[in-house]
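Fold and geometry: a report
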Protein chains: 4
Amino acid sequence: MAIIKASFMSEVLERQVGFTAIIPADSVRMAGPGSDNAKNDEPIPTLYLLSGYSGSGFFWVYNYPVASLSSMNRLAIIMPDPENHFYTDDDMFGYGWGKFIGTELVEFTRKMFNLSHKREDTIIGGFSMGGFGALLNGCTYRETFGHIVAVSGALLTEGIDQGPGGSDNPFFRGIFGDPAKVVGSHHDPRAAAAEAVKSGNAPSLYMAVGYSDFLRQLNLSMVEYIRGLNYPGFIFEEGEGGHDNKFCEDHVFRGVRLALGKEK
Amino acid sequence: MAIIKASFMSEVLERQVGFTAIIPADSVRMAGPGSDNAKNDEPIPTLYLLSGYSGSGFFWVYNYPVASLSSMNRLAIIMPDPENHFYTDDDMFGYGWGKFIGTELVEFTRKMFNLSHKREDTIIGGFSMGGFGALLNGCTYRETFGHIVAVSGALLTEGIDQGPGGSDNPFFRGIFGDPAKVVGSHHDPRAAAAEAVKSGNAPSLYMAVGYSDFLRQLNLSMVEYIRGLNYPGFIFEEGEGGHDNKFCEDHVFRGVRLALGKEK
Amino acid sequence: MAIIKASFMSEVLERQVGFTAIIPADSVRMAGPGSDNAKNDEPIPTLYLLSGYSGSGFFWVYNYPVASLSSMNRLAIIMPDPENHFYTDDDMFGYGWGKFIGTELVEFTRKMFNLSHKREDTIIGGFSMGGFGALLNGCTYRETFGHIVAVSGALLTEGIDQGPGGSDNPFFRGIFGDPAKVVGSHHDPRAAAAEAVKSGNAPSLYMAVGYSDFLRQLNLSMVEYIRGLNYPGFIFEEGEGGHDNKFCEDHVFRGVRLALGKEK
Amino acid sequence: MAIIKASFMSEVLERQVGFTAIIPADSVRMAGPGSDNAKNDEPIPTLYLLSGYSGSGFFWVYNYPVASLSSMNRLAIIMPDPENHFYTDDDMFGYGWGKFIGTELVEFTRKMFNLSHKREDTIIGGFSMGGFGALLNGCTYRETFGHIVAVSGALLTEGIDQGPGGSDNPFFRGIFGDPAKVVGSHHDPRAAAAEAVKSGNAPSLYMAVGYSDFLRQLNLSMVEYIRGLNYPGFIFEEGEGGHDNKFCEDHVFRGVRLALGKEK
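This one's a predicted model, so the numbers in the text were calculated from it and none came from an experiment.

Looking now at the overall build of chain A. Scanning chain A from N- to C-terminus turns up nine helices and eight strands. Here chain A has a C-alpha radius of gyration of 17 Å; the compact-globule value for 264 residues is 18 Å, and the two agree. When the backbone C-alpha atoms are referred to their principal axes, chain A occupies close to 60 × 40 × 35 Å. Relative to its 264 residues, chain A shows a buried fraction of 65%. Long-range pairs, those at least 24 residues apart, make up 71% of the contacts in chain A between residues at least 6 apart in sequence.

Structure, rendered in structure tokens:
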């Protein structure tokens with residue numbers, strides 16, 4: 001298993017961008033008992049894992065046992081540095097963070113590493129701001145991603161047009177633009193999910209939120225909407241806990257193992 | 001000499017930010033003949049080195065002999081990842097890139113590394129967008145920086161209020177705001193330089209631009225203004241070349257050696 | 001907090017050597033509640049943390065919450081890459097791994113980072129092969145290290161002269177030389193501990209081993225010897241567990257907090 | 001292009017080992033004019049590049065324009081950390097450095113990255129100690145490597161059995177064993193080259209040495225031997241210069257471009 005920080009020149013973002021990667025290519029003997037790591041030379045299934053607000057790719061490495069998640073499941077994990085941009089294309093600065101996650105990061109890492117190109121081997125997941133990004137981009141780039149894991153999502157577009165929401169500050173305006181125009185736009189996970197269902201090609205979707213998460217209502221509202229779509233392969237789980245590391249680890253990891261067919 | 005990529009949690013930018021550092025702490029014998037690297041345990045003089053548009057901190061390491069610049073001159077070099085933000089505080093997103101460079105990055109790296117806290121040991125330099133950032137922030141944070149090296153500066157605020165300049169696109173508007181209000185604002189290197197001269201505490205200033213640089217006129221205009229201020233310790237040099245790696249290396253390195261008193 | 005991989009040119013080992021470092025230089029606000037990280041600009045207390053056989057410095061980062069240990073206790077952690085050499089000077093290859101750990105690594109990292117030079121702020125600790133190295137070098141370089149944390153030590157020199165021990169294979173012979181000559185030599189932690197006591201300047205010493213550790217007898221034998229020396233500031237703890245990650249984490253971290261005066 | 005430091009658990013060396021890699025996976029537009037970098041998704045040709053005594057993998061990155069070599073030629077470059085072991089299997093410590101370079105490093109990096117598995121796309125090259133390693137292992141593992149680039153080789157086995165050579169010191173004895181038994185053994189590049197010619201499957205071979213290199217005679221002696229074998233595809237070049245960075249860069253890069261068919 002190799003854990004690295006890398007950077008490359010992004011066309012979409014017009015500059016060097018960084019990411020962290022864990023690649024499980026150890027031999028069977030070295031990967032340890034119980035691992036199915038590196039059993040052969042086949043391309044490796046991949047999780048694109050999105051951090052929350054203020055986070056970075058490397059943040060996952062020192063806060064969560066992602067190294068073990070990788071080596072025990074023969075799973076490559078690619079963790080971008082999101083720069084607080086909510087993984088969506090903003091109109092103002094022209095930063096195509098959604099396009100970057102959904103196309104360029106996947107293309108670059110597939111050229112660089114020995115990754116599977118198959119949709120069913122490609123998962124997008126995240127926590128908080130990363131849960132928002134996983135849901136939005138997983139549905140939008142559904143030809144690429146076969147599975148979505150969205151935990152404790154910072155689903156700030158829920159009700160953004162209806163009141164003095166988070167969008168009132170210049171920062172959110174910079175990201176999402178005019179609150180009145182967000183619903184139905186490329187920023188809106190509801191619209192993306194509806195499109196995915198309509199296309200007949202929706203990725204499997206796992207969502208989870210804690211009983212005491214301050215973002216609980218935004219998540220329950222989204223869950224209701226998703227259920228209303230008869231979204232196929234949708235699983236929602238609740239549990240004790242708030243918007244914290246433990247809930248994140250328990251549920252992001254469970255969602256990933258579900259996507260890999262290693263848990264039920 | 002150690003070359004590292006690091007990241008830390010920025011208060012100003014509200015997230016993990018990355019930088020590259022070269023620290024010359026080798027023993028005399030290991031640093032090689034001609035080096036005055038690590039001659040003792042004293043705090044190390046430091047260059048904050050700012051890349052151009054699309055660049056990153058690590059970009060310097062693989063494109064320029066900065067490792068040699070560090071070890072031959074016993075100079076720590078700190079290279080931030082600028083994310084194309086022109087090293088200035090933008091009003092829209094609230095990204096305090098100027099404040100970050102001028103205060104937090106210096107404070108953090110001084111806590112982390114064994115760096116000199118002395119103004120005369122602290123240089124800010126850069127190329128292109130980084131030349132703009134070095135001039136603006138060197139003058140603004142003149143209590144911290146004793147020397148400025150601004151090569152081939154992307155001095156986009158020159159004449160920004162007078163016509164259909166670069167500020168017409170949303171990206172520059174996002175950074176600099178209303179073009180009509182830039183002159184005299186915290187984005188304006190002229191204003192910063194004038195303040196620095198007035199304060200009696202202006203850092204030494206080295207500027208350079210190539211004969212065939214497409215940004216030549218912007219630089220000549222600034223040079224004329226700086227001379228008009230009777231800016232003390234100002235040196236301007238011209239030479240063959242355009243907006244390219246060779247001119248950058250020759251003149252950034254020369255400016256740094258001038259600041260260190262190693263060249264005349 | 002910054003987590004980095006670095007390398008530098010070692011005089012002792014005559015080549016580039018790598019290490020991993022965690023430096024807690026975040027501001028109070030960023031370090032989070034409960035942390036006393038970075039409360040000021042004072043030099044930072046330091047733990048030199050030695051991995052077991054087959055390990056490396058970075059191994060600690062992805063297997064143990066060392067990032068949290070660092071940020072919650074304002075503790076720099078330096079983790080060398082030991083290359084399976086048991087942290088002792090071997091006569092055959094002339095690899096001075098003991099000298100490297102006890103002098104050069106400390107000197108280099110103190111020149112590079114803003115570390116405390118005080119003996120009472122400098123801890124050496126390790127697990128398994130690293131427990132051996134911490135005990136041996138902590139006692140040998142007792143002017144530098146104020147505290148030793150030796151958990152589940154691979155104390156292979158215990159009884160090495162008395163029979164068909166581990167020293168029979170070429171690898172151990174390469175490291176320790178002639179088994180008949182190890183006792184009392186610079187490889188022998190007993191001799192180092194006796195010298196330390198005699199000098200009146202012995203570092204505090206914490207040892208621990210699990211009830212089902214396969215190295216239990218070697219550790220109990222050493223404990224008996226240490227007690228016989230009336231070693232001052234010696235603490236030995238036992239507990240459930242074997243030669244595993246959980247015992248390592250629980251006891252290395254406890255030993256470090258004891259050394260810092262944060263636990264009793 | 002991504003430049004990374006990685007490490008993984010080696011079965012052969014029984015521990016975490018480090019390497020540096022440059023992977024040219026940028027899009028055509030980003031790689032720049034003149035580059036044939038990343039023109040498509042095909043597996044990438046690869047250079048295993050071996051440093052000299054005291055060097056490390058990352059050493060290449062900050063001393064030579066290997067980033068440019070990679071991006072201009074769409075060439076992955078893998079640079080191990082050799083720990084001064086001459087890239088040969090030593091009998092004493094059981095460190096299989098030859099086996100590691102010739103099998104495990106290739107296998108791991110091919111599992112990790114998107115590298116070509118073709119022999120003609122796989123080059124082994126090096127300078128000084130790395131020139132020795134490239135010649136020895138390129139011939140030994142000739143099923144894997146299609147091209148050898150051996151510049152300024154530290155061919156210490158030349159005449160090792162005939163006098164008070166370099167093998168008299170314990171360090172060389174530790175690596176090569178009894179000098180009287182080196183000739184014809186797995187340490188001997190002559191024996192490996194003869195075997196390669198005999199097998200009918202010898203990699204192409206480029207050698208070079210400077211007129212004032214202190215290792216010139218060892219190289220000329222080897223060249224004479226290689227010519228005596230009628231080694232197919234052998235090119236030897238001389239030039240001004242000694243055992244230095246400039247000769248290394250000029251000739252290692254030329255040898256690599258020859259191997260890629262980009263120069264004649």
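Okay, back to it.
We now examine the packing of helix α5 (residues 129-140) of chain C against helix α7 (residues 189-199) of chain C. Residue and element names in this part refer to chain C. Axis separation between α5 and α7 bottoms out at 8 Å; the angle between their running directions is 35°. Crossing of α5 over α7 shows left-handed handedness. For the pair α5 and α7, contact is made by Phe132, Leu135, Leu136, Cys139 and Thr140 and by Pro189, Ala192, Ala193 and Ala196, respectively.

The next thing to look at is the relation of the copies chain C and chain B. Least-squares fitting of chain C to chain B yields an RMSD of 0.0 Å, with the transformation described by 0.0 Å of translation along the axis and a rotation of 180°. Both copies of the chain, as the preceding transformation shows, are related through a two-fold rotation axis. When C-alpha distances to the rotation axis are compared across chain C, the minimum falls at Phe113 of chain C, with a value of 1.9 Å. The overlap is high: 100% of the interface residues of chain C also sit at the interface in chain B, so the same surface is used on both sides.

All right, on to the interface of chain C and chain B then. Taken together, the contact between chain C and chain B spans 27 residues of the former and 27 residues of the latter. Regarding the contact of chain C and chain B, the summed buried area is about 2,300 Å², with carbon and sulfur atoms giving 58% of it. Our count for the chain C to chain B interface comes out at four residue pairs in polar contact (both at pLDDT 80 or more). Within the residue set of the side of chain C that touches chain B, elements represented by two or more residues are β1 (2-10), α1 (28-31) and α4 (97-112) of chain C. At nine residues, β1 of chain C tops the list of elements feeding residues into the side of chain C that touches chain B.

Of the residues lining the interface, 27 residues belong to chain A; the matching set on chain D comes to 27 residues. Remark: the boundary between chain A and chain D carries zero salt bridges. Among the secondary structure elements, those contributing two or more residues to the side of chain A that touches chain D are β1 (2-10), α1 (28-31) and α4 (97-112) of chain A. Along the lines of polarity and charge, the residues of the side of chain A that touches chain D split into 15 nonpolar, five polar and seven charged.

A word on the sheet that holds strand β7 (residues 204-210) of chain D. All names here are of chain D. Taken together, the eight strands give an open sheet; going across it, the order is β1-β2-β4-β3-β5-β6-β7-β8, and neighbouring strands pair in mixed fashion. The open sheet has two edge strands with one neighbour each: β1 (2-10) and β8 (234-239). Averaged over neighbouring strand pairs, the angle between their axes works out to 20° when direction is ignored. Two elements, strand β3 (residues 46-50) and strand β4 (residues 76-80), share three bridges in a ladder whose sense is parallel. Directly across from Thr46, in β4, lies its bridge partner Ala76.

The next thing to look at is the pairing of strand β4 (residues 76-80) of chain C. Residue and element names in this part refer to chain C. Counting buried residues in β4 gives five out of five residues, a clear majority hidden from the surface. With burial as the criterion, each face of β4 is covered, one bearing Ala76, Ile78 and Pro80 and the other bearing Ile77 and Met79. Pairing between strand β2 (residues 15-23) and β4: four bridges, direction antiparallel. Residue pairing for β4: Thr20 is matched across the bridge by Met79.

Before going further, it helps to examine the nonpolar core. Counting residues in hydrophobic clusters, the biggest one holds 251 residues, and the most contacted among them are Met112 of chain A, Met112 of chain B, Met112 of chain C together with Met112 of chain D. For Met112 of chain A, the contacting residues outside a window of four places in its chain are Ile4, Ala6 and Phe19 of chain A together with Ala2, Ile4, Ile23, Ala25, Phe113 and Asn114 of chain D.

The next point concerns the packing of aromatic side chains. A full pass over the atoms with the stated rule returns 62 aromatic pairs over all chains. Look at Tyr53 of chain A and Phe86 of chain A: their rings are 6.5 Å apart centre to centre, the planes differ by 45°, and that puts the pair in the tilted class. Here Tyr53 of chain A, found in the loop between β3 (46-50) and α2 (57-63), pairs with Phe86 of chain A, found in the loop between β4 (76-80) and α4; they are 33 residues apart in sequence, far enough to count as distant. When the centroid spacing of 6.0 Å and the interplanar angle of 75° are considered together, the rings of Phe86 of chain C and Phe132 of chain C count as edge-to-face. With a gap of 46 residues between them, Phe86 of chain C in the loop between β4 and α4 and Phe132 of chain C in helix α5 connect regions that are remote in the sequence. Accessibility expressed as a relative area gives 3% for Phe86 of chain C, which makes it buried. Since its relative accessible area comes to 0%, Phe132 of chain C is described here as buried. The residue whose ring lies beneath Lys5 of chain A is Phe58 of chain A, and the NZ or CZ to ring-centre distance is 4.4 Å. The ring of Tyr95 of chain B carries Arg15 of chain B above its face, with NZ or CZ at 5.5 Å from the centroid.

Parameters and conventions
Residues numbered from 1 in each chain as written. Chains lettered and ligands numbered in written order. Predicted model: local features only at pLDDT ≥ 70, side-chain atom pairs only at ≥ 80, totals over all residues. Heavy atoms only, no water. Helix = DSSP H or I, 4+ residues; strand = E, 2+ residues; numbered from the N terminus. Rg over C-alpha atoms; globule rule 2.2 N^0.38 Å. Buried < 20%, exposed > 50% of the residue type's maximum accessible area, 1.4 Å probe, protein only. Contact = heavy atoms within 4.5 Å. Axes fitted to C-alpha atoms, helices over the stretch in contact; angles between N-to-C directions. Left-handed = near helix turned anticlockwise from the far one by under 90°. Least-squares fit on C-alpha atoms with pLDDT ≥ 70 in both. Buried area = accessible area lost by both parts, 1.4 Å probe. Polar contact = N/O pair within 3.5 Å; in protein donor to acceptor, adjacent residues only side chain to side chain. Salt bridge = Lys/Arg side-chain N within 4 Å of Asp/Glu carboxyl O. Nonpolar A, V, L, I, M, F, W, Y, C, P; charged D, E, K, R; others polar. Pairing = 2+ DSSP bridges. Core = buried A, V, L, I, M, F, W, Y, C linked by side-chain atoms within 4.5 Å. Phe/Tyr/Trp six-rings, centres within 6.5 Å; stacked < 30°, edge-to-face > 60°. Lys NZ or Arg CZ within 6 Å of the ring centre and 35° of its normal.

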